[in-house]
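Reading the structure
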2 protein chains.
Amino acid sequence: MNEKRHIVSAFDRDLEGIQAQIMKMGGLVEDAILNAALSLETRDEELAMKVRDGDKAIDKLDEMLNEEAARVLALRAPTASDLRVVLSVMRMSANLERMGDLSKNIAKRTTVLVQMQPIGSTTSALRRMAREVQNMLKDALDSYIQRDAALAMDVIERDSDIDQMYNALFREFLTFMMEDPRNITACMHLHFIAKNIERMGDHVTSIAEQVVFLATGKMPDEARVKADRTSLDKGPDLGPEED
Amino acid sequence: MNEKRHIVSAFDRDLEGIQAQIMKMGGLVEDAILNAALSLETRDEELAMKVRDGDKAIDKLDEMLNEEAARVLALRAPTASDLRVVLSVMRMSANLERMGDLSKNIAKRTTVLVQMQPIGSTTSALRRMAREVQNMLKDALDSYIQRDAALAMDVIERDSDIDQMYNALFREFLTFMMEDPRNITACMHLHFIAKNIERMGDHVTSIAEQVVFLATGKMPDEARVKADRTSLDKGPDLGPEED
């Protein structure tokens, strides 16, 4: 009995360490999203460079987290819900790492875009979209710490707002390109930035789904939601890239 | 001793089942890639629809594989290299699942593109690119079964060909768009298809990296390769989305 308690608390201690790393990583990714979009809006090359450099720290945390999770699996051999937590954390880390990459990619495109004519007020719209994804991420991480399935479901639902923002922007870029071919190159970059933010929303959704799974033991049924989003045939919407 | 041998062979048997599932999944993804590109080139809506429907089977295998891997982790509590194999298989399954999604997305865009004017011979170039990625995937899966690090490294190196094909196509789409604004919508779809194939190459690379890790215990050093690929500032190249 005593030994059992000892083993349980050692696992809990390991898990606390891993969770602290996930939260730290989440904080860095939140900053990366917002600063990437802000550097684009304010044409701040220095801030863009900071985001590009900052991705190394996120990658490093992902690596450490995977090593630590593998160590816990090997050492503690968790089962049932403990095992689920460790596997979820590994998936969440992968989602955050990709979000870091996408932010870095936005910052790289910013470095190119500052050399070109601005395209309407699209960078402000992109910054609002990024802010929304950042808020979703914040709530997803909170829902994880509190195992709050309702908050996680709320995050999942908000992803359709991001998809709508993306679709509106896509139509705007198309119009700017048709109006003047000289806008094409800049619009291609801006479109990729919008797509990157939209994909970050999908990664946050995936994190929130993990939380629902951890809290309820079931994955949220999202087949219907996804079908609604995939509206390739309804107009100029290019649809989500992956579903 | 006897019991130990019993445990080891039970793990091996589990692993064999998981590996058979990965190979089956890999075969389905190979077909999906090629058929998606073929349906685009030959304007075959029926084949495109088959690819879209076929993604369900790939998703299902990914789900089963994750459940089976979690079961093995809980039941056998593998350590050291056995643990690494199970975790690698889970990552490979995630890569294959994404490749299935990307193929499905190509098939969806095909359904839209058959309604529009063809853009030069770009669909043939896309099919060649897809064929190359399919070959890379085939070799990556072979290298996994044979734990052949040299073959896996070869796959990793071939990804730069895919990136070059993508860059050439990107410039071509840009030219078509500038020539005639009526080409813009079709080119946006075609460009996303090229990008999807390029990202599939990244997923294959990630599978090959897992193989190198399993075979040698070390991740291939790819920092330099990635820096070369990220040539945002060298011209119209939009660079890889994630690195």
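Not measured: the values here are computed from a predicted model. (Residues numbered from 1 in each chain as written. Chains lettered and ligands numbered in written order. Predicted model: local features only at pLDDT ≥ 70, side-chain atom pairs only at ≥ 80, totals over all residues. Heavy atoms only, no water.)

Looking at the overall build of chain A
The following threshold applies: Think of it this way: any DSSP run of H or I at least four residues long counts as a helix, any run of E at least two long counts as a strand, and we number them from the N terminus. The rule is simple: take the accessible area with a 1.4 Å probe, protein chains only, and divide by the maximum for that residue type; under 20% is buried, over 50% is exposed, in between is partly exposed. Any pair of residues with heavy atoms lying within 4.5 Å of one another is described as a contacting pair. Areas reported as accessible are Shrake-Rupley estimates using a 1.4 Å probe. Residue values count occlusion only from the protein chains shown.
Along the backbone of chain A there are 7 helices and 0 strands. Along the chain direction, N to C, the helices and strands of chain A fall in the order α-α-α-α-α-α-α. The buried share of chain A, taken over its 243 residues, is 56%. Within chain A, counting contacts between residues at least 6 apart in sequence, those at least 24 apart form 84% of the total. Summing over all exposed atoms, chain A offers an accessible surface of approximately 10,300 Å²; the carbon and sulfur share of this is 51%.

A look at the relation of the copies chain B and chain A
Filter applied, for reference: The fit set for superposing copies consists of C-alpha atoms from residues with pLDDT of at least 70 in both; the fit itself is least squares.
With an RMSD of 0.0 Å, chain B superimposes on chain A once it is rotated by 180° and translated 0.0 Å along the axis. Here the two chains are linked by the operation of a two-fold rotation axis. When C-alpha distances to the rotation axis are compared across chain B, the minimum falls at B:Ala77, with a value of 2.6 Å.

Considerations on the interface of chain B and chain A
What counts here: Note: buried area is the sum, over both parts, of the accessible area (probe 1.4 Å) each one loses when the two are combined. A pairing counts as a salt bridge when a side-chain nitrogen of Lys or Arg comes within 4 Å of a carboxyl oxygen of Asp or Glu. Whenever two N or O atoms come within 3.5 Å, that pair is a polar contact, provided that in protein one can donate a hydrogen and the other can accept it, and provided that, for residues adjacent in sequence, both atoms are side-chain atoms. When residues are sorted by character, Ala, Val, Leu, Ile, Met, Phe, Trp, Tyr, Cys and Pro go into the nonpolar class, Asp, Glu, Lys and Arg into the charged class, and all the rest, Gly among them, into the polar class.
Across the boundary between the two partners, chain B contributes 43 residues, which contact 43 residues of chain A. Across the chain B to chain A interface the summed buried area is about 4,000 Å²; carbon plus sulfur atoms make up 63%. Applying the counting rule to chain B against chain A returns 0 salt bridges. The tally of links from chain B across to chain A stands at 0 residue pairs in polar contact (both at pLDDT 80 or more). Within the residue set of the side of chain B that touches chain A, elements represented by two or more residues are helix H2 (45-76), helix H3 (80-113), helix H5 (149-179) and helix H6 (184-216) of chain B. Here the element with the most residues in the side of chain B that touches chain A is H3(B); it accounts for 12 residues. Its residues assigned to classes, the side of chain B that touches chain A shows 22 nonpolar, 10 polar and 11 charged.

Thoughts on the nonpolar core
In plain terms, the rule: Nonpolar cores are built from buried Ala, Val, Leu, Ile, Met, Phe, Trp, Tyr and Cys residues. Side-chain atoms within 4.5 Å join them into one set.
Ranked by internal contacts, the top residues of the largest apolar core, which has 142 residues, are A:Met99, A:Leu137, A:Ile197, B:Met99, B:Leu137 and B:Ile197. Those residues in contact with A:Ile197 that sit more than four places away from it in its chain are A:Ile106, A:Leu126, A:Met129, A:Ala130, A:Val133 and A:Ile162.

Considering the pattern of salt bridges
Under the criterion given, the structure shown has 24 salt bridges over all chains. The partner of A:Arg158 in a salt bridge is A:Asp139, and the shortest N-O contact between them spans 2.9 Å. Of this pair, A:Arg158 sits in helix H5 (residues 149-179) while A:Asp139 is found in helix H4 (residues 122-145), placing the two residues 19 residues apart along the sequence. A:Asp139 matches A:Arg158 in its accessibility class, with the two residues each being buried. Put simply, B:Lys195 and B:Glu198 hold a salt bridge, and the shortest N to O gap is 3.4 Å. One end of the pair is B:Lys195 and the other is B:Glu198, both in helix H6 and 3 residues apart, which spans about a single turn.

A look at the environment of B:Asn66
Within the secondary structure, B:Asn66 is located in helix H2. The exposure class of B:Asn66 is buried, given its relative accessible area of 17%. Each residue touching B:Asn66, except ones within four places of it in the same chain, is listed here: A:Arg91, B:Met90 and B:Ser93.

Quick look at unusual backbone geometry
Residue and element names in this part refer to chain A. We note that alanine 77 has phi near 45°; this positive angle belongs to a residue other than glycine. Alanine 77 gets classed as partly exposed once you look at its relative accessible area, which sits at 28%. The backbone phi angle of arginine 147 is positive, close to 45°, even though this residue is not glycine. The residue arginine 147 is located in the loop between H4 and H5 in this model.

Here we look at the confidence of the model for chain A
All names here are of chain A. Which entries qualify depends on this criterion: Per residue, pLDDT captures the predictor's confidence, and it can take any value from 0 to 100.
Confidence in the prediction of chain A, expressed as mean pLDDT, is 89, and 88% of residues score 70 or more. Least confident of the elements in chain A is helix H7 (residues 223-229), whose mean pLDDT is 40; most confident is H4, at 97. In the model, residues 222-243 has pLDDT below 50 throughout and makes 51 contacts with residues more than four positions away in sequence or in other chains.

Regarding the packing of helix H6 (residues 184-216) of chain A against H6(B)
Heads up, the condition is: To obtain each axis, a line is fitted to C-alpha atoms, and for helices this fit is confined to the stretch in contact; angles are then taken between N-to-C directions over 0 to 180 degrees. Each angle gets one of four labels, with under 35 degrees taken as roughly parallel, over 145 as roughly antiparallel, 65 to 115 as roughly perpendicular, and the rest as oblique. By the definition used in this description, the sense in which the near helix is turned from the far one sets the handedness, with an anticlockwise turn below a right angle giving left-handed and a clockwise turn giving right-handed.
Packing of H6(A) against H6(B) brings their axes to within 13 Å, and their N-to-C directions diverge by 55°. It follows from the interaxial angle that H6(A) and H6(B) lie oblique. Judged by the sense of rotation from one axis to the other, the crossing of H6(A) with H6(B) is right-handed. Touching A:Ile184, A:Met188, A:His191, A:Phe192, A:Lys195 and A:Arg199 of H6(A) are B:Ile184, B:Met188, B:His191, B:Phe192, B:Lys195 and B:Arg199, all from H6(B). Along the lines of polarity and charge, the residues of the contact of H6(A) with H6(B) split into 6 nonpolar, 2 polar and 4 charged.

Quick look at H3(B)
Definition in use: Working rule for helices: expected span equals 1.5 Å times residues minus one.
If you check H3(B), its first and last C-alpha atoms are 50 Å apart, about what 34 residues at 1.5 Å a residue would give, namely 50 Å. Judged by how many residues are buried, H3(B) sits mostly within the fold: 27 of 34 residues are covered.

Side note on the packing of aromatic side chains
Residue and element names in this part refer to chain A. We count it as follows: In this scheme Phe, Tyr and Trp rings, the latter by its six-membered ring, pair at centre separations within 6.5 Å, and the angle between planes marks the pair as stacked below 30 degrees, edge-to-face above 60, and tilted otherwise. Working rule: Lys NZ or Arg CZ, within 6 Å of ring centre, within 35 degrees of ring normal, means a charge sits over the ring.
As enumerated under the stated definition, the model contains 3 aromatic pairs over all chains in all. A cation sits over an aromatic face here: arginine 84 above phenylalanine 213, 5.2 Å from the ring centre. The ring centre of tyrosine 144 lies 4.6 Å from the NZ or CZ of arginine 147, which sits over that ring.

Focus: the packing of helix H2 (residues 45-76) of chain A against H3(B)
Between H2(A) and H3(B), the shortest axis-to-axis distance is 11 Å and the interhelical angle comes to 130°. The angle between the axes of H2(A) and H3(B) places the two elements in the oblique class. Crossing of H2(A) over H3(B) shows right-handed handedness. Contacts between H2(A) and H3(B) involve A:Asn66, A:Ala70, A:Leu73 and A:Ala74 from the former and B:Leu83, B:Leu87 and B:Arg91 from the latter. Among the residues forming the contact of H2(A) with H3(B), the class breakdown is 5 nonpolar, 1 polar and 1 charged.

Topic: H6(A)
All names here are of chain A. Between its first and last C-alpha, H6 extends 47 Å over 33 residues, near the 48 Å set by a 1.5 Å rise per residue. Counting buried positions along H6 gives 27 out of 33 residues, so the element sits mostly inside the fold. Taken from the residues just after H6, glycine 217 is the one with a positive phi, measuring 80°.

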